[in-house]
Amino acid sequence: MIEKILPSQVAVAEAHSDPPDAALFPGEAELIRNSVEGRRKEFTTARWCARRALGELGLAPAPILKGERGAPIWPGGVVGSMTHCAGYRAAAIARRADVLTVGIDAEPHEPLPDGVHESIALATEQQRELELRRAYPEIHWDRLLFSAKESVYKAWFPLTHRWLGFEQADIVLHSNGSFTAGLLISTTEPDLAAGATATPTAFSGRWLVADGLLVTAIAVGSEPNAPTG
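Predicted, not measured: the structure shown is a model, and the values here were computed from it. (Residues numbered from 1 in each chain as written. Predicted model: local features only at pLDDT ≥ 70, side-chain atom pairs only at ≥ 80, totals over all residues. Heavy atoms only, no water.)

K.L.:
Outline helix α2 (residues 37–56), supporting the account with residue identities and numerical values.
P.N.:
Taking 1.5 Å of rise per residue, the 20 residues of α2 would be expected to cover 28 Å, and the 29 Å separating its terminal C-alpha atoms lies within 8% of that figure. Taken together, the buried positions of α2 are Glu42, Phe43, Thr44, Thr45, Ala46, Arg47, Cys49, Ala50, Arg51, Ala53 and Leu54. The elements touched by buried residues of α2 are β1 (11–15), α1 (28–31), β2 (65–66), β4 (78–85) and β5 (88–95). The first or second residue beyond α2 is Gly58, which carries a positive phi of 80°. (Helix = DSSP H or I, 4+ residues; strand = E, 2+ residues; numbered from the N terminus. Expected span 1.5 Å × (residues − 1). Buried < 20%, exposed > 50% of the residue type's maximum accessible area, 1.4 Å probe, protein only. Contact = heavy atoms within 4.5 Å.)

Shown next, in the form of C-alpha cells:
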C-alpha cells in the first residue's frame, strides 16, 4: 500500500497481521520488556518489516534499536521509517546515497478522538480543512492532517536532531494525493544541532486512503534541490 506513494529507491515491507515467526534481535527485547502484549506485537512486526526491507536492498538483517527521542538507529548508510496502527505495520528503507530521509505514517481512516484535532491543527489548517470537507466529505481530513504531521516529524528529526511540535508544521493538504509542509522554525534557534546534517524549511509528501487506512509519506532525495514526495 505505502509503496505506491514512495519513490522506487525506497524499499517497503508491510504486514496486515503479526506473523507468528516474527522475532526480536538481541537488544530489541529490552526496549519493550515492560510493554503490554499488543505493544510487543506491533513493535516486533514493524522490525520484521524493516529487516525484510533491508533484504530488498541487499543488506543483512540487523537489530533496530532506539536512539535520541526514541528514533530508530539504522545500519550505517541507511535511512528509514516505521509505522504501525491497528491492522497495519510497515517499514520504508533506503540507502543514504539515494535518499536523505524518509518519514511514513499509517492511521485508521476514521475521525480523530475528541479534542485532538484542536490541539494539533493551526487555524489556517482548520480553515483549509473546512473547504476540503465540503468538497470531499468521504475523507477524514482531520486524521489525514495528523498523519502528515507525523510523517513530517519522522523525516525532520534524523536531519536536525531537534524537536518539532505540531504547531511548527503548517500542512497544506491537496485533493490530488499530495501535501506540502512549511516549517515554522524560530530564527533564534541554532541552525544545526549536534549530529544534524541539515535544517529543512519545507517538505512535500503524498497520501493515500484505501482499505480503511490512510497513509502518508515523505522521501527527500539526496541530490541538491531534489524534489520530495
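K.L.:
Go over the sheet that holds β4 with me, naming the residues and quoting the values.
P.N.:
Strand order across the open sheet formed by 3 strands is β1-β5-β4, with antiparallel pairing between neighbours. On the outer flanks of this sheet lie β1 and β4, each paired with one strand and no other. Along the sheet, successive strands turn relative to each other by an average axial angle of 10°, direction set aside. Bridge count between β1 and β5: 5 bridges; the pairing is antiparallel. Each residue of the ladder has a partner; that of Ala11, found in β5, is Ile93. Those strands touched by α2 are β1, β4 and β5, and its axis lies near 35° from that of β5. (Pairing = 2+ DSSP bridges. Axes fitted to C-alpha atoms, helices over the stretch in contact; angles between N-to-C directions.)

K.L.:
How would you explain the packing of aromatic side chains if you had to name every residue and give the values?
P.N.:
Enumeration according to the criterion identifies 5 aromatic pairs in this entry. Pairing Phe146 with Phe166 gives two aromatic rings, centres 5.7 Å apart and planes at 35°, and the pair type is tilted. Linking Phe146 in helix α5 (residues 141–160) with Phe166 in the loop between α5 and β7 (169–173), this pair joins segments that are 20 residues apart in sequence. Taking the relative accessible area as the measure of exposure, Phe146 reaches 16% and is therefore buried. Classification of Phe166 by relative accessible area gives partly exposed; the value is 29%. Positioned above the aromatic ring of Phe43 is the side chain of Arg47, whose terminal nitrogen or guanidinium carbon lies 3.7 Å from the ring centre. Between Arg51 and the ring centre of Phe25, over which it is positioned, the NZ or CZ distance is 3.9 Å. (Phe/Tyr/Trp six-rings, centres within 6.5 Å; stacked < 30°, edge-to-face > 60°. Lys NZ or Arg CZ within 6 Å of the ring centre and 35° of its normal.)

K.L.:
So, the side chain of Gln168: which residues are in play, and what are the values?
P.N.:
Structurally, Gln168 is set in the loop between α5 and β7. Residue Gln168 is classed as buried on the basis of its relative accessible area, which comes to 14%. At 2.7 Å, the side chain of Gln168 and the backbone nitrogen of Gly165 are in polar contact. (Polar contact = N/O pair within 3.5 Å; in protein donor to acceptor, adjacent residues only side chain to side chain.)

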